[in-house]
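In case you want the letters, here they are:
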Amino acid sequence: MTHRAYNFSAGPAMLPEPVLTKAAGEMLNYKGSGMSVMELSHRSGWFSEIMDDAQGLLRELMHIPDNYRVLFLQGGASLQFLMAPMNLMNDSKKMDYVNTGAWSKKAIAEAKKLGDVKVVADSSDKTFSYIPSIDPAEIRKDAAFIHFTFNNTIYGTRFTDLPQTNIPLITDMSSGILSEVIDVSDYGLIYAGAQKNIGPAGVTIVIVRDDLIGKKEHLPSMLDYKKYADNNSMFNTPPTYAIYMAKLVFEHLKEQGGVEAMEQVNREKARMVYDEIDNSKLFRAHVAGEKDRSLMNIPFFSDSEEINSRFLSEAENQGLLTLKGHRSVGGMRASIYNAMPLEGCRKLADFIKKFDAKNA
Ligand code: PMP
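Description of the structure in this document. (Residues numbered from 1 in each chain as written. Predicted model: local features only at pLDDT ≥ 70, side-chain atom pairs only at ≥ 80, totals over all residues. Heavy atoms only, no water.)

Attention now moves to the sheet that holds strand 12 (residues 297-301). Pairing in this open sheet of three strands is antiparallel, and the strands run 11-12-14 from one edge to the other. Every other strand in the sheet has two partners, leaving strand 11 (284-285) and strand 14 (332-335) as the edge strands with one partner each. Relative to strand 12, strand 11 runs antiparallel, the two sharing two bridges. Residue pairing for strand 12: Arg284 is matched across the bridge by Phe301. (Pairing = 2+ DSSP bridges. Helix = DSSP H or I, 4+ residues; strand = E, 2+ residues; numbered from the N terminus.)

Written out as structure tokens, the structure is:
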């Protein structure tokens, strides 16, 4: 391949080309240090600046209020399935969850190891193809929080209405962060792995309201948000290169007009792809209801396995890569995070149209 592919992977996923070019240019000698970023001490002035910039830019992009802490952790979103309840659980040990698919289930399984979990809404009856409505009466008043998966990477659904409650909301925003405008102050805690909309795998971002942390006395240090908050996320060696790449992505997003501009393009990109799926004879999207459709992950199928595999191999010949659906769902999935250019979505939409005309 002589040019960059349109990579529709669910994550690790595409990164903006200008970011990769910049990182390549700074690889051997970062700002006259004579070292690559990977070789810099995390206590050096160079790295402190990277860390402060990364945090400052994310605050700016997401309009994060001052009473929220931004933490850079490791362990992926999967560690947050455990760490969030461990830090935020109260004496009642009650925690409420919404089950919208595989990642919610994993979060629920970890919380069950710690306390009393109630699933207050569930969309398993229709293979997680919709967002269930949440009856506020189901949410327990003495629960410490309610947890939901903001964007369901595998099933392609996304929350647009938040649970109506006074207890803190925790959301797994791994595949939705920075893709659309949200109001951080609606949430108690937001967490996200980086490898979709932020940067390379290896760093996990936690945005947490100040008053929710530091209440537990005997947490293991590496699992205590307070330890990270008090040490500017450098209680131990942070994933320095992943944080540097995240900083470059944040700079790039800012140059592009921020999350507001990204959301507009993302809506346009998603519309192009859904339209051709909906207009085709061969294919249907897993999620029928427009309101619940993810802007980031679009699973779609034909009923014929033979058609699915021919579609995938012909797409690959066109430079449209990694469109195979998640192993639990099958068919195809187009993941179109911020770094997927509009042109990539147009090419995919055109390809769906032509393939359908030829084979239907
Ligand atoms: N939550 C969601 C919504 C995800 O999409 C993923 C990864 N695809 C995870 C959690 C797990 O993330 P990690 O591999 O970073 O632990």
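Moving on, there is more to tell.
Attention shifts here to helix 4 (residues 102-112). Those residues of helix 4 not exposed but buried are Ser104, Ala107, Ile108 and Ala111. Summarising the axial view, the buried residues of helix 4 lie within an arc of 100°, below the 170-degree limit, and thus occupy one face. The inward-facing, buried residues of helix 4 abut helix 3 (76-88), strand 3 (94-99), strand 4 (116-122), strand 5 (146-149), strand 6 (151-152) and strand 9 (189-193). (Buried < 20%, exposed > 50% of the residue type's maximum accessible area, 1.4 Å probe, protein only. Arc of directions from axis to C-beta. Contact = heavy atoms within 4.5 Å.)

Let's shift gears to the site of the ligand. Around the ligand, the neighbouring residues are Gly76, Ala77, Ser78, Phe81, Trp103, Thr149, Asn151, Thr153, Asp172, Ser174, Gln195 and Lys196. Within the contact set of the ligand, an oxygen atom lies 3.1 Å away from a backbone nitrogen or oxygen of Ala77. Side-chain polar atom of Lys196 to a nitrogen atom of the ligand: 2.8 Å apart, as the coordinates give it. Protein chains bury 84% of the 400 Å² of accessible surface belonging to the ligand in isolation. Here the element with the most residues in the shell around the ligand is helix 3; it accounts for four residues. Class assignment for the residues of the shell around the ligand results in three nonpolar, seven polar and two charged. (Near = heavy atom within 4 Å. Polar contact = N/O pair within 3.5 Å; in protein donor to acceptor, adjacent residues only side chain to side chain. Areas by Shrake-Rupley, 256 points an atom, 1.4 Å probe, with all protein chains shown as cover. Nonpolar A, V, L, I, M, F, W, Y, C, P; charged D, E, K, R; others polar.)

Here we come to the pattern of salt bridges. Taken as a whole, this structure holds 21 salt bridges when the rule is applied. Of the charged contacts, one joins Asp96 and Arg140 as a salt bridge, the two residues approaching to 2.8 Å between their closest N and O atoms. Placement of Asp96 in strand 3 and of Arg140 in the loop between strand 4 and strand 5 is noted, with a sequence separation of 44 residues between them. As far as the burial class goes, Asp96 and Arg140 line up, both buried. The residue Arg271 makes a salt bridge to Asp275 at a minimum N-O spacing of 2.8 Å. Placement of the pair is Arg271 and Asp275 together in helix 7 (residues 258-279), with a separation of four residues, close to one helical turn. Judged by its relative accessible area of 41%, Arg271 falls in the partly exposed class. The structure contains a network of salt bridges with shared partners spanning Asp96, Asp116 and Arg140. (Salt bridge = Lys/Arg side-chain N within 4 Å of Asp/Glu carboxyl O.)

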